[in-house]
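# Structure at a glance
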Amino acid sequence: MASALRRLGSAAARRGLSTACEDTKKSLFQLPQAGGKSSNLCSAINQALHIALESDPRSYLFGEDVSFGGVFRCTTGLADRYGKSRVFNTPLCEQGIVGFGIGLAAMGNRAIAEIQFADYIFPAFDQIVNEASKFRYRSGNQFNCGGLTIRAPYGAVGHGGHYHSQSPEAFFCHVPGIKVVIPRSPRQAKGLLLSCIRDPNPVVFFEPKWLYRQAIEEVPEEDYMLPLSEAEVIREGSDITVVGWGAQLSIMEQACAGAEKEGISCELIDLKTLIPWDKETVEASVRKTGRLLISHEAPVTGGFGAEISASIVERCFLRLEAPVARICGLDTPFPLVFEPFYMPTKNKILDAIKATVNY
Amino acid sequence: MYTGMVTLQVLDTVFYEAQRQGRISFYVTTIGEEAINIASAAALTMDDLVFPQYREPGVLLWRGFTLQEFANQCFGNKADYGKGRQMPIHYGSNKLNYFTVSSTIATQLPPAVGAAYSLKMDKQDACAVTYFGDGGSSEGDFHAALNFAAVMEAPVIFICRNNGWAISTPTSDQFRSDGVAIRGQAYGVKSIRVDGNDALAMYNTVRAAREMAIGEQKPVLIEAMTYRVGHHSTSDDSTKYRPANEIEWWRMQKDPVNRLRKWIERNGWWSSEAESELRIDVRKQQEKLLRETIERHPRDYPEDVPL
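Being a predicted model, the structure only gives us computed values, none of them experimental. (Residues numbered from 1 in each chain as written. Chains lettered and ligands numbered in written order. Predicted model: local features only at pLDDT ≥ 70, side-chain atom pairs only at ≥ 80, totals over all residues. Heavy atoms only, no water.)

With 39 residues of chain A in contact, the opposing surface of chain B contributes 37 residues. For the chain A and chain B pair, buried surface summed over both sides reaches about 3,200 Å², with 62% attributable to carbon and sulfur atoms. Looking only at chain A, the three residues that lose the most surface to chain B are Phe-100, Arg-138 and Gln-142 of chain A, adding up to 20% of its buried area. Joining chain A to chain B, the criterion identifies one salt bridge. Residues Asp-122 of chain B and Arg-58 of chain A are paired through a salt bridge, measuring 3.1 Å at the closest nitrogen-oxygen approach. When residues in the side of chain A that touches chain B are grouped by element, the largest group, nine residues, is from helix 4 (residues 94-106) of chain A. Class assignment for the residues of the side of chain A that touches chain B results in 18 nonpolar, 15 polar and six charged. (Contact = heavy atoms within 4.5 Å. Buried area = accessible area lost by both parts, 1.4 Å probe. Salt bridge = Lys/Arg side-chain N within 4 Å of Asp/Glu carboxyl O. Helix = DSSP H or I, 4+ residues; strand = E, 2+ residues; numbered from the N terminus. Nonpolar A, V, L, I, M, F, W, Y, C, P; charged D, E, K, R; others polar.)

Here it is as structure tokens:
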């Protein structure tokens, strides 16, 4: 009797996932032409999950409270449609959720693990850093858990306080062996999430909870994927490059619009994938504009903006006309009533754009 | 089983001495736990997935990992499957269904449950088996894994090598529960305590556990009582925290290899001639192999250590 692993391994190889490192063909990564249904972020995520579970019978979705639809309703209808053995609640234990997911993925399955809030991902940090990210490397590619995708809502929501508002992406960006992806909108989220699920590496996917209901967009109804590690210039400009991700981009967009009224032309870039990040696109933009501003909700010290700043200075030192600006959360725990002061607001960004341009 | 246990002992001796001579950087012996290693492996099939801690090379040996393959990983040479990325004894073999060792304690337990769930969903006639020590049972991952295994009804066997020591920490400083078996019960997992130095008991227990795990699609916890006769690793001198006569007592009076030998000798299947022949044979083989490995990969060998 053939060994179970061998059988599973060949099945996985036919799917081209998890046992292989090669990238899916470029032609798959195309945003469908116009059209789609008006959807908010949580509905777009829900669509992506439906498609993921439909297209691969060996995919599983699990986490706390996902069965009834999840606390943000992102997983509605999935348990009914795909059954309780593929979509199920887990005990309240993040290290167990992620560890369990690693085991499932190691057997060639797609494991979509939900962490209820990014604020609660830390018990799973050991599993992510010491198991998931090193699974393939330490085994000399004999094993891998590439089928693992961890989803977690992150970021400010207006009233979340310390433990429902965190942006922990920087911790994960420091871990070679995983990818970190953050969508800015419903249409982006669906395509990016499907790419993450199908990517042959473990991925942490942070969903901006503020946008779950707030953001509404035309989302194509079909199966589509967006490429990882490709940043997108969503607004062209010539005076300053402005880089961000997730919910913060809509704030930055407002700041760019405000700057335009004052005659400053901003080039706005959505990084989308934080590791491995698209240095080339950002560098090309900074070579054009000579100025860089990065904005993120996470506290400024040690935030991912620091990595972008250092890398771009390395590459573009002589081109830069001004220091790289970072407009980020303050170095405090995320406060409740003081949230409006903590946040990198449109005005803070606008002031910094002007200061940088007038340096 | 017996030759397996003896081979493991000789392998341990040769590699331990190699480390002391500076040939490899690090080593972890399995002295005193040969029965747990070999007998549990013998009770499993090749389709069962093994998630080891780091004191279970005997399971890999039983499955067919060659002395050469062990040496390659310890030397971190070009032939190492792990590509020289990890310290010695961090073996892994996908063809033998033995997941690569990671130094972190008990982190292998939750993935073992996930893998077992996969076997269950694919309706495989196999289970996942995961090993850990008494120290590992204090880690959060132990609780996460047992609880998940019970709720998910995953066919996984948890084997705790309760060897009395977590480096220098005796079990009295590790927990105040009645050992580890009772914790399995608390999570709703069928648990059993067994004499880990009795190869036959170990074999039968794992055999029965496997039937239960696969037949009922439920987890099982086995607490195998034993003693860590060797030091924690080559970076440890256990006489600093436990009396030498305690170690000697366990080595001489309770050695699992001796115990099995006496039984097979009494049954007329073994003799002292066969014994010395086996030991000399394996030892010679190992030493020759080490020399050849070094000669074949001279650049993966420390420059300042004479052959």
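So, next bit.
As a further point, take helix 6 (residues 140-152) of chain B. In this model, helix 6 of chain B (13 residues) spans 18 Å end to end at C-alpha, consistent with the 18 Å of a helix rising 1.5 Å per residue. Among the residues making up helix 6 of chain B, those that are buried are Asp-141, Phe-142, Ala-144, Ala-145, Leu-146, Phe-148, Ala-149 and Met-152 of chain B. (Expected span 1.5 Å × (residues − 1). Buried < 20%, exposed > 50% of the residue type's maximum accessible area, 1.4 Å probe, protein only.)

Residue and element names in this part refer to chain A. Each assigned domain of chain A is listed here: domain 1 (2-219) and domain 2 (232-357). Just the C-alpha atoms count here: the centres of domain 1 and domain 2 sit 27 Å apart. Taken together, the contact pairs 28 residues of domain 1 with 24 residues of domain 2. Across the contact surface, domain 1 and domain 2 share two salt bridges. Residue Arg-184 pairs with Glu-232 through a salt bridge whose shortest N-O separation is 3.2 Å. Taken together, the links from domain 1 to domain 2 amount to eleven residue pairs in polar contact (both at pLDDT 80 or more). Only helix 7 (169-173), strand 6 (179-181) and helix 8 (186-198) provide two or more residues apiece to the side of domain 1 that touches domain 2. For the side of domain 1 that touches domain 2, the element with the most residues is helix 7, which contributes four residues. (Domains from an automatic or database assignment. Polar contact = N/O pair within 3.5 Å; in protein donor to acceptor, adjacent residues only side chain to side chain.)

Moving on to empty space enclosed by the protein. Going through the model one piece at a time under the given rule, you end up with four cavities of 30 Å³ or more. Quantified by volume, the largest cavity comes out at close to 70 Å³. Residue lining of the largest cavity: Glu-131, Phe-135 and Arg-138 of chain A together with Phe-51, Pro-52, Phe-99, Thr-100, Val-101, Ser-102, Gln-108 and Pro-111 of chain B, and that is the complete set. Each residue belonging to the lining of the largest cavity can be placed in one class, and the counts come to six nonpolar, three polar and two charged. (1 Å grid on protein atoms, 1.4 Å probe; cavity = no way out; pocket = protein on both sides within 12 Å on 5 of 7 lines; lining within 4 Å. Points joined across faces, edges and corners; volume = space filled by probe spheres on them.)

This brings us to the packing of helix 4 (residues 67-75) of chain B against helix 11 (residues 272-296) of chain B. Residues and elements named next belong to chain B. As a packed pair, helix 4 and helix 11 sit with axes 10 Å apart at the nearest point and diverge in direction by 50°. Of the possible angle classes, the one that applies to helix 4 and helix 11 is oblique. The interaxial crossing formed by helix 4 with helix 11 has right-handed handedness. When helix 4 is examined against helix 11, the residues Leu-67, Gln-68, Ala-71, Asn-72 and Phe-75 are found in contact with a partner set consisting of Gln-285, Gln-286, Leu-289, Leu-290, Thr-293, Ile-294 and Arg-296. The class makeup of the residues in the contact of helix 4 with helix 11 is six nonpolar, five polar and one charged. (Axes fitted to C-alpha atoms, helices over the stretch in contact; angles between N-to-C directions. Parallel < 35°, antiparallel > 145°, perpendicular 65-115°, else oblique. Left-handed = near helix turned anticlockwise from the far one by under 90°.)

In regions of low pLDDT, the predicted coordinates are not meant to be interpreted in detail. Here chain B averages 97 in pLDDT, while 100% of its residues score no lower than 70. In the predicted complex, the global pTM is 0.94; the interface-specific ipTM is 0.97. (pLDDT = per-residue confidence, 0-100.)

On to helix 4 of chain A. All names here are of chain A. Taking 1.5 Å per residue, 13 residues should reach 18 Å; helix 4 reaches 18 Å between its end C-alpha atoms and fits that length. Of all 13 residues that make up helix 4, 13 are buried, and the element is covered over most of its length. Looking one or two residues past helix 4, Gly-108 carries a phi angle of roughly 85°, positive in sign.

Residue and element names in this part refer to chain B. Within this model, the largest pocket holds a volume of roughly 410 Å³. Looking at the largest pocket, it is lined by 22 residues, and the ones nearest its centre are Thr-13, Ile-31, Val-229, Gly-230 and Arg-251. Of the residues belonging to the lining of the largest pocket, the class tally is six nonpolar, nine polar and seven charged.

The subject of this paragraph is the pairing of strand 7 (residues 220-225) of chain B. It is a general feature of regular strands that their side chains alternate between the two faces of the sheet. In terms of burial, strand 7 of chain B is largely enclosed, as five of its six residues are buried. With helix 8 (residues 199-216) of chain B bridging strand 6 (residues 190-195) of chain B and its parallel neighbour strand 7 of chain B, the resulting β-α-β unit is right-handed. (Right-handed = clockwise from strand over helix to strand, strands pointing away.)

Below, the discussion takes up the sheet that holds strand 3 (residues 156-162) of chain B. Residue and element names in this part refer to chain B. With parallel pairing, five strands are arranged side by side in an open sheet as 1-2-3-7-6. For this open sheet the edge positions go to strand 1 (49-51) and strand 6, each flanked by a neighbour on one side alone. Adjacent strand axes in the sheet meet at a mean angle of 20°, parallel and antiparallel pairs treated alike. Bridge analysis of strand 6 against strand 7 gives six bridges, and the strand direction is parallel. Residue pairing across strands places Ser-191 opposite Leu-221, the latter belonging to strand 7. Contacts between helix 5 (residues 109-121) and the sheet are confined to strand 1, strand 2 (128-133) and strand 3, with strand 2 contributing the most and set at about 170° to the helix. Contacts from helix 6 reach strand 2, strand 3 and strand 7, with the element oriented near 150° to strand 3. (Pairing = 2+ DSSP bridges.)

With numbering aligned to this structure, UniProt lists the feature "domain: Dehydrogenase E1 component" (unreviewed entry) at residues 5-287 of chain B. In residues 5-287 of chain B, helix accounts for 45% and strand for 11%; the two terminal C-alpha atoms are 18 Å from one another. (UniProt positions renumbered as here; feature names shortened; annotations may be inferred.)

Oppositely charged side chains may form a pair once their charged atoms are brought near each other. All names here are of chain B. According to the stated counting rule, one finds 35 salt bridges over all chains in the structure shown. Linking Glu-248 and Arg-251 is a salt bridge whose minimum nitrogen-to-oxygen distance equals 3.1 Å. Placement of both Glu-248 and Arg-251 in helix 9 (residues 244-253) is noted, with a separation of three residues, approximately one turn of the helix. Judged by its relative accessible area of 39%, Glu-248 is partly exposed.

In this structure, Pro-276 of chain A follows Ile-275 of chain A across a cis peptide bond, with omega equal to -10°. Counting through the fold element by element, Pro-276 of chain A comes out in the loop between strand 12 (273-275) and helix 11 (279-289). One non-glycine residue, Asn-141 of chain A, lies in positive phi territory at about 65°. With respect to the helices and strands, the residue Asn-141 of chain A is situated in the loop between helix 6 (135-138) and strand 5 (148-154). Positioned with a positive phi, Ile-167 of chain B is a non-glycine residue whose angle comes to about 50°. Counting through the fold element by element, Ile-167 of chain B comes out in the loop between strand 4 (165-166) and strand 5 (169-170).

This paragraph deals with the packing of aromatic side chains. Evaluation of the coordinates by the stated rule reveals 33 aromatic pairs over all chains. Both rings, one in Phe-125 of chain A and one in Phe-172 of chain A, keep their centres 5.2 Å apart while their planes meet at 80°; by these two values the pair is edge-to-face. One end of the pair, Phe-125 of chain A, is in helix 5 (residues 125-131); the other, Phe-172 of chain A, is in helix 7, and 47 residues separate them in sequence. Judged by relative accessible area, Phe-125 of chain A falls into the partly exposed class, the value being 27%. Owing to a relative accessible area of 0%, Phe-172 of chain A belongs among the buried residues under this scheme. Aromatic rings pair up to connect Tyr-60, Phe-62, Phe-88 and Phe-100 of chain A together with Tyr-117 and Phe-148 of chain B into one cluster. (Phe/Tyr/Trp six-rings, centres within 6.5 Å; stacked < 30°, edge-to-face > 60°.)

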